[in-house]
Amino acid sequence: MRQNNLGYSKVFAAVFVIVTIIALILYFIPEKQPLNWLSLDEAKKEAMKSHKPILVNFYSRWSAECKTANKTIFSDDNLKTMMKAKYILAKVSLDNKNNKELAKNLYEIKGLPTFVILSQNAREISRISGINFYSLNYWLQETPYKIIDSWMNFDEGKAYAEKNNKILLVYLITQLNRPPGILSTVMRDDKLQLLIAQDYVPVYLIASDDNDRKIIKNLFGSLDSAPYGEVMLLYYKGKELESVFLNPELLSKPELLYNKLSEVIKKKSDM
Amino acid sequence: MTGISFKYFLFEFRKIWTIPVIIISGIIFFFSLLITFLPLIFGAYSAEGPIQEINVSMILSSAFSILVPLMSFMFGAGIISNDIKSHWLRTVMSRPVTKADYLLTKIITASTAIFIILILCGTIPVIILSFLTPNKVVFDIVHFISIHALYLGETLTYISIAALFSCWTPGFMNVFILGIWMLVDMISSSVINNYFWDNGIALVISDFFFPSGFKEAASVIISNGDFPVEKIMWGLSSLFGFLSLALLGFSFIQVDKGIE
């Protein structure tokens, strides 16, 4: 009967030690960041300037899932291009005690990785947890269209537009049975979104809302005097530049609305 | 004889296909055909259907992630202890075969058998499906080969763990321990991710509790991510760690006494 042969065991143990050391070194080396993430404060400032939503990535260098997200999801070129175009990117590291408190108390983060989309005035629009490539991709593509839910209120928007030399875009809905969600169909156009983000401050007024009704009455004297249906009213420094009636053709063809809004920008620069 | 002999490998390979193993493999093969082709028969793979495209590597990765642990339970249960019980180990050891040759041959044999079942129940049906489906087929040869290689590594790791347990416990018990370990891993990951997600040490423990480097490397590859060197290193680390432990554990077994 042959004796015990520990030769293989020693070789395998040596390989195990070497490979484990390499893996540990790779585990603790800070990974390459495929995207340029700002701090949350920097991102908020940048968002106020560019009028884009903020995508906040809550992460920890201890979390394998966060690392995997960097290596898989955020290394995808198409997704990277889309994210850079649509969002101001911010990262909040939970390895920092203050950030941990912020994440727990203010944003109520309950797991990693979590991504939160904030409006340009830092109001939460949507969030997602986990690292499924397809659901994250879909969520990132779809969420900006919900930005209508987090538009500034009329007074805030008016003040902001005047201060920043931008056109105030009032999306007015006086047709009581018409849901505001219809605008999202035409807003599913990247070009149009970027144009609005760069040169406009969008606000909305819905006649079915008590507060909005008061503002409409102040603007037009009475509800009956306001244009009926869905209208985009475009103001610059308190002066009405144009009112665009959103007829079915305009609502279904983003390029027509884009051209209209581009013309208004030209009008503004001629003033 | 020194080193692993092909003749001995073939001998062990023939021995592994017992009647229960063939029946269970047949049942798994039947179900894999049902799962693969039923949606095709019922028209789910039409242009208007819910399935937009067939990503071969992604389907195979999902299938292998279920099949590998399942097969490892079947082939790894009692991989050593059954031979001790039936006195087969004593017979082998009376020949010019070292303990290391025996154990490595057993691990390679079981892993090869599992890999063949993976090809039969996973790869071949999915390849046939990709020719029959009217949907767009996404096929990347590098991903395809990588997925197979990585899941072969995962299989070798599972069988090495089973062999380590099998040195000390009978067949049923080593499957039970492996099952409990996997269950604890799932529960602890869920608890840590929900309640201790902000604790760095807890996250690291959760990462390393159960070896899954090769599986995670496969998921990185199918997501078109960077080459997962770190994940592969963890996979190799687990594989060689458990192989050396299994060999060490096996070296303590006194062949004449066995584990009973």
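Everything that follows concerns the structure shown earlier in this document.
Basis of the calculations
Residues numbered from 1 in each chain as written. Chains lettered and ligands numbered in written order. Predicted model: local features only at pLDDT ≥ 70, side-chain atom pairs only at ≥ 80, totals over all residues. Heavy atoms only, no water. Phe/Tyr/Trp six-rings, centres within 6.5 Å; stacked < 30°, edge-to-face > 60°. Helix = DSSP H or I, 4+ residues; strand = E, 2+ residues; numbered from the N terminus. Buried < 20%, exposed > 50% of the residue type's maximum accessible area, 1.4 Å probe, protein only. Contact = heavy atoms within 4.5 Å. Salt bridge = Lys/Arg side-chain N within 4 Å of Asp/Glu carboxyl O. Polar contact = N/O pair within 3.5 Å; in protein donor to acceptor, adjacent residues only side chain to side chain. Nonpolar A, V, L, I, M, F, W, Y, C, P; charged D, E, K, R; others polar. Core = buried A, V, L, I, M, F, W, Y, C linked by side-chain atoms within 4.5 Å.

Peer 1: Help me understand the packing of aromatic side chains in this model?
Peer 2: The relative placement of two aromatic rings is captured by the distance of their centres and the angle of their planes. Counted according to the given criterion, the structure contains 19 aromatic pairs over all chains. Considering the side-chain rings of Y27(A) and W234(B), the 6.3 Å spacing of their centres and the 85° angle between planes classify their relative orientation as edge-to-face. With Y27(A) in helix α1 (residues 7-28) and W234(B) in helix α11 (residues 229-251), this pair bridges two chains. On the accessibility criterion, Y27(A) (4% relative accessible area) is buried.

Peer 1: I'm lost on the interface of chain B and chain A in this one. Help?
Peer 2: Reports often express the size of an interface as the amount of accessible area lost when the parts come together. Taken together, the contact pairs 43 residues of chain B with 36 residues of chain A. Inspection of the region where chain B meets chain A yields 0 salt bridges. Across the chain B-chain A interface, the total number found is 2 residue pairs in polar contact (both at pLDDT 80 or more). Put simply, the parts of the chain that give the side of chain B that touches chain A at least two residues each are α6 (99-132), α8 (171-195), α9 (200-208) and α11 of chain B. The greatest single-element share of the side of chain B that touches chain A, amounting to 14 residues, is contributed by α11(B). Looking at the side of chain B that touches chain A residue by residue, the classes come out as 22 nonpolar, 12 polar and 9 charged.

Peer 1: So what exactly am I meant to see when it comes to the nonpolar core here?
Peer 2: In globular proteins that are soluble, nonpolar side chains generally tend to be buried together. One finds M71(B), F75(B), I80(B), Y102(B), L103(B) and F250(B) to be the most contacted residues of the largest nonpolar core, which totals 65 residues. Broken down by element, this core gets its largest block of residues, 12 residues, from α6(B). If sequence neighbours within four positions are ignored, I80(B) has contacts with Y102(B), L103(B), A163(B), S166(B), C167(B), F250(B) and I253(B). Judged by nonpolar contacts, the second largest core, of 22 residues, contains A47(A), A90(A), L112(A) and I192(B).

Peer 1: Quick question: what am I supposed to make of the pattern of salt bridges here?
Peer 2: Pairing is possible between side chains of opposite charge, provided their charged atoms come close. Residues and elements named next belong to chain B. Under the criterion given, the structure shown has 7 salt bridges over all chains. The partner of E12 in a salt bridge is K15, with the nearest N and O atoms 3.8 Å apart. Of this pair, E12 and K15 both sit in helix α1 (residues 6-16), 3 residues apart, roughly one helical turn. Between K231 and E216 there is a salt bridge whose closest N-O contact spans 3.0 Å. Taken as a pair, K231 in helix α11 and E216 in helix α10 (residues 213-222) lie far apart in primary sequence, 15 residues in all.

Treat this as a map of the structure, not an account of what it does.
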